[in-house]
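A closer look at the structure
Chain by chain, the residues:
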Amino acid sequence: MEIIGFIAAILTTAAFLPQVYKTWKTKDVSSLSLPMLLMFFIGIIAWLIYGFLKESPSMIFANSITVVSAFLLVYFKIKYTKK
């Protein structure tokens, strides 16, 4: 069962990385919603905690990477938003 979790973890985590890379390269954050990013970030932290409580390596793996990616997008949104 955990192999299905790892496949899902790799696909969903990998799908998120191009957005982080594109935002970092272009510094264009106009299409990113800060409230959505903050809710997503908090949700991923909750999933990570849940993964630890369930002792699920696939959940811990995926959400550890995604929490960093989500944090970077929040950081980019705050840093690159034109005032």
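To start, this report covers the structure provided alongside it.

1. A few points about the packing of helix α1 (residues 2–26) against helix α3 (residues 57–80)
Contact pair α1 / α3: the axes reach a minimum separation of 9 Å and the direction vectors enclose 15°. The pairing of α1 with α3 is recorded here as roughly parallel in orientation. Where α1 crosses over α3, the handedness of that crossing is left-handed. A class-by-class count of the residues in the contact of α1 with α3 yields 17 nonpolar, seven polar and one charged.

2. Topic: the packing of helix α2 (residues 34–54) against α3
In contact at an axis separation of 9 Å, α2 and α3 are set at 160° when each is read in the N-to-C sense. Classed by the angle they form, the pair α2 and α3 counts as roughly antiparallel. When you trace α2 past α3, the crossing you get is left-handed. Of the residues in α3, those in contact with L34, L37, L38, F40, F41, I44, I45, W47, L48, Y50, G51 and F52 of α2 are M59, I60, N63, S64, T66, V67, A70, F71, L73, V74, K77 and I78. Each residue belonging to the contact of α2 with α3 can be placed in one class, and the counts come to 19 nonpolar, four polar and one charged.

Reading the values: the criteria
- Residues numbered from 1 in each chain as written.
- Predicted model: local features only at pLDDT ≥ 70, side-chain atom pairs only at ≥ 80, totals over all residues.
- Heavy atoms only, no water.
- Axes fitted to C-alpha atoms, helices over the stretch in contact; angles between N-to-C directions.
- Helix = DSSP H or I, 4+ residues; strand = E, 2+ residues; numbered from the N terminus.
- Parallel < 35°, antiparallel > 145°, perpendicular 65-115°, else oblique.
- Left-handed = near helix turned anticlockwise from the far one by under 90°.
- Nonpolar A, V, L, I, M, F, W, Y, C, P; charged D, E, K, R; others polar.
- Contact = heavy atoms within 4.5 Å.

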